[in-house]
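# Coordinate analysis (summary)
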Amino acid sequence: MLPDAIELIVVTPERQLLRETVLEVTIPGLEGELGVLPGHAPLMTELGIGELTYRTAMSSRPTPLSVIRGFAEVLPDRVTVLAETAERAEEIDVSRAEAALARAEKRLASNDTNIDWDRASVALARAVIRIQIVRKYRGAPVATP
Amino acid sequence: MATLLDFRRRIRSVKNTQQITRAMKFVAAARLRRAQEAALAARPFAKELARVLRSTMARIESPQHPLLAKRPEERILALVLAGERGLAGAFNTNILKTAIEFFRSKKGKKIVTIPIGKKGRDTLRKAGFEFAGEYVNVLARVDFGIAREIANLVTELYAKESVDAVYVVFSEFKNVLAPHLAVEKLLPVEAIERGEETQAEAECTQIDYIYEQPEGEILSRLLPRYVETQVLRSMLESSAAEHAARMTAMDAATQNASDVIDALTLHMNKVRQAAITKEIIEIVSGAVGTA
C-alpha cells in the first residue's frame, strides 16, 4: 500500500530547519529538479544550489526553501535533506544576498587570473537563488542595479 | 592588632571580588545555555548523516577512499580542544593533562598537534609540541565555517599521508559538574557510531537505493562532511563544558567570598565590642577613683 504523505526532514549542520508532513516536495538535485510524491522509490542524490519547495495539506501554495549543496535521501514515506545551508524565504537577508551578487559578478567579470573561479561562481549561484526565492514568494520589490 | 578600619577595608575588598565572581557566574550560565542549545541543535544533522553514510558504505563492497585508508600509526596528529580563558576551575588543566598523557602513551611516535583554544595553545607551545596549525578565539561562538576549515586542514594532511592517524582530545559535556575527558579517533574513519537506532531505521540501511550519482562519488562527498560534523560536535561539546566549568568554579568562589565576609564581620564585631568594653571599664574605674 502506498503511503499518502511524506515526512520531510531538513537539517543543516547547525540546526534542524524543518520536520513536517507534506504531500509533495521538489528537490534541487545536482542533475536537475526532482519531484517527489508519496511512495517514491528509495533514492539518494547530491543536491545542487537551488530551491526546494513543499506543499502541505494545509497550504494551497508551495513553500520554498533555499538549499545549498548537500544530500537528499528519498524513501517512500520520508525525505531527509542534509543541506550545507538552508533557509526559509523570510529568513533570507536580501541586501546581503544582493551585495554578494554584485561582488561575485565583479569578480567573474574581472580579467584577474588569480580569482578562485569556482568559488566565485558558487557565490553567484547562491546569491541568485536567494534573491529569486525572495522575489517570488515575498512579493517585495527588489531593486535591480 | 588590626583596627576596625582595616577590617572594613578588607570586607569591602572581598565584597568587590565577590561581585565580580557572581557576575562571571551569571555570564557563564547564560553562555552555557546557549552552548547547550547549539550542541542540541547540531545533533539531528550528525545523526542523519551518520545513518546515510552507513547505508552508503554498506552498499559498496569494499569502500575505497583516502579517508578510510589505514596505515601503521607512526605520525599522529591530535586536535586538542582546551578553553579560551582561565578562571574555569580545573577545566584547562584536566584536558591538557589528558592530552599529554595520551601523547606519552604514544611514545616513540611523532606527535603533531593542532590546538584549538588559547589556553591549550599556550601550554602546548611551552611544552614544545609541534603545531600543524592553531585556532584561537573560535570557541566563544562556535561557527560551522571554522569547524569546516579545521576539518579541511586535517583531511588534507591525512590524504597527503603527512599523518597516519588523527585524534581529537576534548571535554565532552555530560553534566554541569564534571565533563567527560575524551580522546576520540577522527581519521581514518572507522566503524561509524550506531547510536540509538530503532528497528525500522536499522532496516533502512538494507534498502536498495537508486543512486543519482555513482555510490563512490557520493561516498567521497559524504566522508568529508562526516569529519566536519565530528569536529563541530567536539567544538560545541568542549565549549559547553568550558562554560559549565567556569560556572561551577565561580559559584564556589562566590560562596567562599561569602564565608570570608562572614568570618571577617564576626571578627570585626568582636574587636569593636572589646574596644567598647575597654572604654567603659576605663570610665567606670576613673569614676570610682574620683569618688
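### Focus: the overall build of chain B
Tallying secondary structure elements over chain B gives 7 helices and 6 strands in all. Against the 2.2 N^0.38 benchmark of 19 Å for 291 residues, chain B shows a C-alpha radius of gyration of 29 Å, more extended than a compact globule. Dimensions of chain B, computed from C-alpha atoms along their principal axes, come out at roughly 115 × 45 × 30 Å. Residues counted as buried form 33% of the 291 residues belonging to chain B. Pairs at least 24 residues apart make up 80% of the contacts formed inside chain B by residues separated by at least 6 positions.

### Observations regarding the packing of helix 5 (residues 144–159) of chain B against helix 7 (residues 215–290) of chain B
A pair of packed helices can be characterised by two numbers: the angle between their axes and the separation between those axes. Residues and elements named next belong to chain B. Contact geometry of helix 5 with helix 7 gives a least axis separation of 8 Å together with a crossing angle of 125 degrees. Here helix 5 is positioned oblique relative to helix 7, judged by the angle of their axes. Between helix 5 and helix 7 the crossing geometry is right-handed. Contacts between helix 5 and helix 7 involve F144, A147, R148, I150, A151, V154 and T155 on the former and, on the latter, P224, V227, E228, V231, L232 and M235. Residues of the contact of helix 5 with helix 7, tallied by class, amount to 10 nonpolar, 1 polar and 2 charged.

### With respect to the sheet that holds strand 4 (residues 165–172) of chain B
All names here are of chain B. As summarised here, the arrangement of the 5 strands in space is 3-2-1-4-5, forming an open sheet in which the pairing is mixed. With partners counted over all chains shown, the strands left at the sheet margins are strand 3 (130–131) and strand 5 (180–187), one partner each. Direction of pairing for strand 1 (residues 75–81) relative to strand 2 (residues 110–116): parallel, over a ladder of 7 bridges. Pairing of A78 across the sheet is with T113, part of strand 2. Those strands touched by helix 3 (residues 91–105) are strand 1, strand 2, strand 4 and strand 5, and its axis lies near 155 degrees from that of strand 4.

### Overview of the interface of chain B and chain A
Tallying the contact residues gives 21 residues for chain B and 20 residues for chain A. Going through the elements one at a time, helix 2 (43–59), strand 6 (210–211) and helix 7 of chain B are the ones with two or more residues in the side of chain B that touches chain A. Classifying every residue of the side of chain B that touches chain A gives 15 nonpolar, 2 polar and 4 charged. Of the pairings in the sheet, the one linking strand 5 (residues 43–55) of chain A to strand 6 of chain B comprises 2 bridges and is parallel in character. If you follow L43(A) over to strand 6 of chain B, its bridge partner there is I210(B).

### So, the domain arrangement of chain A
All names here are of chain A. Partitioning chain A into structural domains gives domain 1 (6–89) and domain 2 (93–138). Each of domain 1 and domain 2 has a C-alpha centre, and these two points are 23 Å apart. Contacts between the two partners involve 7 residues from domain 1, matched on the other side by 8 residues from domain 2. When contributions to the side of domain 1 that touches domain 2 are tallied by element, the ones reaching two or more residues are strand 5 and strand 6 (63–75). Tallied by class, residues from the side of domain 1 that touches domain 2 come to 4 nonpolar, 2 polar and 1 charged.

### Description of the confidence of the model for chain B
All names here are of chain B. The pLDDT averaged across chain B works out to 87; a share of 93% of its residues lies at or above 70. In the model of chain B, helix 6 (residues 199–204) stands out as the element of lowest mean pLDDT, 53, in contrast to helix 1 (residues 4–41), which has the highest, 93. With pTM at 0.80, the complex prediction returns an ipTM value of 0.76.

### Thoughts on the pairing of strand 3 (residues 24–29) of chain A
All names here are of chain A. Sheet topology note: the strand 3/strand 5 ladder contains 4 bridges and is antiparallel. When the sheet's bridge partners are listed, G29 is paired in strand 5 with L47. Looking at chain direction, strand 3 and strand 4 (residues 32–36) are connected through 5 bridges and run antiparallel. Note that in strand 4 the partner of P28 across the bridge is E33. Counting the residues between successive antiparallel strands, the hairpin from strand 3 to strand 4 contains 2 residues.

### Here's the deal with helix 1 of chain B
One full turn of an α-helix is made of 3.6 residues, so residues set three or four places apart face in the same direction. Residue and element names in this part refer to chain B. Taking 1.5 Å of rise per residue, 38 residues should cover 56 Å, and helix 1 covers 55 Å from first to last C-alpha, within 8% of that figure. Taken as a whole, helix 1 has its buried residues at K25, A28, L32, A35 and A39. In this structure, the buried side of helix 1 is in contact with helix 7.

### Considering the nonpolar core
Ranked by size, the top nonpolar core spans 94 residues in total, and within it V154(B) and V169(B) carry the most contacts. No other element matches helix 7 of chain B, which puts 16 residues into this core. The residues that make up this core include at least three from each of domain 1 (6–89) and domain 2 (93–138) of chain A. Beyond its immediate stretch of four places on either side in the chain, V154(B) contacts L77(B), L79(B), V166(B), L186(B), L187(B) and V227(B).

### Looking at the confidence of the model for chain A
Residue and element names in this part refer to chain A. On average, residues of chain A score 83 in pLDDT, and 92% of them reach the 70 mark or higher. Mean pLDDT values over the elements of chain A span from 80, in helix 2 (residues 117–138), up to 91, in strand 1 (residues 6–12). This stretch, residues 140–145, has a pLDDT under 50; its non-local contacts, to residues over four places away or in other chains, come to 6 contacts.

### What about unusual backbone geometry?
Residues and elements named next belong to chain B. Here the amide bond leading from L187 into P188 is cis, since omega sits at -5 degrees, within 30 degrees of zero. Checked against the element boundaries, P188 lands in the loop between strand 5 and helix 6. At N137, a residue that is not glycine, the phi angle is positive and equals roughly 55 degrees. Its location among the elements puts N137 in the loop between strand 3 and helix 5. N137 sits in the exposed class, given 11 other C-beta atoms within 10 Å. A positive phi angle, near 65 degrees, is found at E161, a position not held by glycine. On the secondary structure map, E161 appears in the loop between helix 5 and strand 4.

What counts, and where the lines are drawn
Residues numbered from 1 in each chain as written. Chains lettered and ligands numbered in written order. Predicted model: local features only at pLDDT ≥ 70, side-chain atom pairs only at ≥ 80, totals over all residues. Helix = DSSP H or I, 4+ residues; strand = E, 2+ residues; numbered from the N terminus. Rg over C-alpha atoms; globule rule 2.2 N^0.38 Å. Buried ≥ 20, exposed ≤ 12 C-beta atoms within 10 Å, placed from the backbone. Contact = placed C-beta atoms within 7 Å. Axes fitted to C-alpha atoms, helices over the stretch in contact; angles between N-to-C directions. Parallel < 35°, antiparallel > 145°, perpendicular 65-115°, else oblique. Left-handed = near helix turned anticlockwise from the far one by under 90°. Nonpolar A, V, L, I, M, F, W, Y, C, P; charged D, E, K, R; others polar. Pairing = 2+ DSSP bridges. Domains from an automatic or database assignment. pLDDT = per-residue confidence, 0-100. Expected span 1.5 Å × (residues − 1). Core = buried A, V, L, I, M, F, W, Y, C linked by C-beta atoms within 7 Å.

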